[in-house]
Structure formats: C-alpha cells, structure tokens
Amino acid sequence: MVNINSIGLSIFLLLSQNYNHNHHHVDAFAISSSQTPSKKILSNQKSKGANQGFGKQPKKQTPVPIQHTADTSQPTIDLIKFLTSQNAKGLSSSLSEKTKGGCEIGISNQTGRRGVYTTQSYRKDDIICRIPSDCVLALSNPDLGGADTPTLAHCGRNFLDMYRNNPVASKTWKAYLDTLPTVASTTPLFDATPDFFTDDEIEALEFPRIVQEVSTHLNELAEVCASSFEDDGGSDSIPFEDLQFATWLVSSRSVKISMEDNSSSEDSVDKGALPDGVLAPSSTKAIRVLIPFLDMINHSSDDANVELHLIDPEKDEAWFTMRATRPIREGKEMTLRYGSGVETSVGLLRQYGFVPEENQYDKFMLKKGGEDCIESLEGWSTTLEEDETALLEDSGLTANMRKVLQLRCQLKRAYV
C-alpha cells in the first residue's frame, strides 16, 4: 500500500486526540464506534452465526430498470484503482474483476449527469462502501481547527496551494484530481453558483438572503486574492477566476467536520451564574475535507437513500462510509442530503449551484421569515404563473437565468 504523507491523515490524528473530550459531527451525518455493541454492524464486525455489516447479502430482489451507463473513462478507472490500493471497499469498476464492489460511478441515461449507482441490493443499515481516512484531503490545517479557513474562499486558496498547484501533492493525488473539473474544461460537471452570474442575473434572484450572501462571498473572494498577493510579497497572486473556481469546487464537494470544545468555556464561565437550563457557551472548530469517490454522490432533498458515517475516529484507521437508510435495489442511484441535511433551495443554489425539484425545507424557511426573506407572494415583482411561463417558453434564456426562474418558482410554490 502506498504511504500517503499528507495533511489529510492528520485530520484523524486530531480527531483521535480529541475524541474523548469533544463532540464531533460531519455536517448532518453520524459518527459511529465499534466500541458500542449496537454499532458493530457499522464497523463491519461479524458476530457468531450472523452475516452482518459490510457485504451482507439481502434477499434477492429484482433489479430496477437500467438507469445508467457505467463510467469507464480512464480517470474513473484510475481513481478506483488508487482507492482500492489504499484498502477502500465496495467500489466497482466494470473493467476489472478485482474491483467488483457494491457501487459504481455511472452516467444517467436520462439526464447525462454523473452519479453513483448500486451494483447489488442492500437492506436498511447496510454499509455500501467505505473510504479510509488516509484518502481524505483536508482543506485546512487540522492543528488550527479551521482557524486558517474562516471562509470558503480560504478553503479554495488552500486547495490550490496544498494540492492543485503543489508539485508533490498533485502527483500523490493525481488519480483524484484528474476526476475534478477545471477552469478550462467544458463539462456538465460544472453547476454555476450565483457568484458566477452577471449583476443583472443576481439582481433578478430578488430574494434578499441569497442576494446578500452572493455579495458577501464575492467580497471574500476579492479579499483572499488581495491577501495572497500580500503574502507573496507583492509578486504573483492567485488569479480571481482560479480562486473563484477552486472555491466553487470545494464548496460543492467538501464535507465539514465540526468539533465543539466545551473545556475552555467551562473553565471560564461561572456555572452558578447561569439560569437553569442554560448551557455555558462553547467554542466551535471546524475543518472541511474532500472525500474521493463519495463526492460524486448526488443530492436529494426529499428522497435520499444513503447517509455518510464516520466510523471509529478514535482509532488509527478511521473510515468514511455510505450506509443505506432504507432498502435499495440493485441499479438504483445513491442519493444523500447535502450540507446540513436541511438545506433550503436558497442554500443549495448558493453553495452547490442547483435548484431541487422538491424541497420541504423551503416552507419552514418562509414560515420563520426575517428581514432577509420575502414575506408573501405580493412581495415579488412577478407572479408564479409569469415565471412558469417564462421557463416553458425558454426564449433565449441563459443557463443561469433558468436557475433564477427555477428558484423563484420553487420559493413561490412554498408559500402555498
């Protein structure tokens, strides 16, 4: 096995050191430990007379009709070979019997988009695949607990400095980096977020929250570009377009690991002075990571069938795994909830560049309201019917303007 000397491994050294003292969570995803008997199924330990955990065979089910074509491109094949050489499990490559697994990267026959599909049936709680911690790329210095990446723009800069533009790291991670889109590529893998929109397209979004967030993000990108110029002594700086694209990439693909450390606040706050039921304030540290292969799984707001688990972070060998949340038939696409797991359409467009067809969380956002929301349908400049008609007519709409109208329609339907 190749020894990967990178900052990625130190994430889990940090997790291991703090496991018994801090609470960790991976966005909306779970952490499991094989020390808990009820979690043995998640850490692939078999009990006597049972066929539990990774690789267990459910009752034979009829596969779903073929929905995809296996991705047999060279970058995908190289990625699977690289990950399996590092002891990743459950990843399938149709060109090699040695890499037969429980899921594969495929291209949807309906949409042409890349995703991950099961190659066998699974029961609820089955582990479908797992990626070792050694194969995870950190986007900040774990020793600093994310202090060096206060914004996504800083994560984008670190991605360029630590991986893409680093001669040693770019060679180590070549198999993964080659699967990612680049600034120059013309690819359906790129879903433009609103910071790539024109000023008129941003204004047309209308919804105050997303307009304000886009403005803030653009300012952060400009500030990081300026700071990179100063850090280099006024010589070369990161081109804005490169940083913007790298930030989009890590924004749409990375996972946030949060570590809440209550020790410092407990020592400094007089608990007796706090009202009953009020907890002492806590400091939160967070780092973002890229997980090869798993970052190709698509989102579903209302119909996700897998969830991400971090298994055994207290051990030297930690794993990121995909676990079935319900029975999944062979050939079905694996989908999960991005981000916090309760992202609104505003958040999904802002961070990932798409508007879902259905999203139950929009109703909760509008019901909660606030100064950065539009309180009623009367607050919009157009009606739902007018926006739907504009989408149907599609008279010269840009891809970005289609997203604008999709968001407006989605939010307007949520008032009902």
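As the structure is a prediction and not an experimental result, all values here were calculated from the model.

Let us look at the overall build of the protein. On a plain count of helices and strands, the protein comes out with 13 helices and 13 strands. Counting across all 416 residues of the protein, residues that qualify as buried make up 48%. Expressed as a percentage of contacts within the protein between residues at least 6 apart in sequence, the contacts between residues at least 24 apart total 72%.

The buried fraction of strand β4 (residues 103-108) amounts to five of the six residues, a majority that puts the element mostly inside the structure. As judged from the three bridges shared by strand β3 (residues 68-70) and β4, these two strands associate in the antiparallel manner. From the neighbouring strand, Ala70 faces β4, where its bridge partner is Gly106. Linkage of β4 to strand β5 (residues 114-118), two consecutive antiparallel strands, is achieved through a turn of five residues, within which Gly112 is found at a positive phi near 80°.

Let's shift gears to the nonpolar core. Formed by 63 residues in total, the largest nonpolar core has its most connected members in Phe159, Phe293 and Leu294. When sequence neighbours within four positions are dropped, the list of residues in contact with Leu294 reads Cys129, Ile131, Leu308, Phe320 and Met322. One finds Leu349, Cys373, Leu407 and Leu411 within the second-largest nonpolar core, a separate group that totals 20 residues.

Chain-level statistics for the protein give a pLDDT mean of 80 and a share of 74% at 70 or above. Note that residues 33-54 has pLDDT below 50 and, in this model, 43 contacts with residues that lie over four places away or in other chains. Overall, residues 262-283 carries pLDDT values under 50, and its contacts beyond four positions in sequence, including any with other chains, amount to 15 contacts.

Right, let's talk about the packing of helix α11 (residues 361-368) against helix α13 (residues 399-413) for a bit. Close contact between α11 and α13 brings their axes to 9 Å; oriented N to C, the two are set at 70°. In terms of their interaxial angle, α11 and α13 are classed as roughly perpendicular. Between α11 and α13, the residues in contact are Asp362, Lys363, Met365 and Leu366 and Gln410, Leu411 and Arg413, respectively.

Parameters at a glance
- Residues numbered from 1 in each chain as written.
- Predicted model: local features only at pLDDT ≥ 70, side-chain atom pairs only at ≥ 80, totals over all residues.
- Heavy atoms only, no water.
- Helix = DSSP H or I, 4+ residues; strand = E, 2+ residues; numbered from the N terminus.
- Buried < 20%, exposed > 50% of the residue type's maximum accessible area, 1.4 Å probe, protein only.
- Contact = heavy atoms within 4.5 Å.
- Pairing = 2+ DSSP bridges.
- Core = buried A, V, L, I, M, F, W, Y, C linked by side-chain atoms within 4.5 Å.
- pLDDT = per-residue confidence, 0-100.
- Axes fitted to C-alpha atoms, helices over the stretch in contact; angles between N-to-C directions.
- Parallel < 35°, antiparallel > 145°, perpendicular 65-115°, else oblique.

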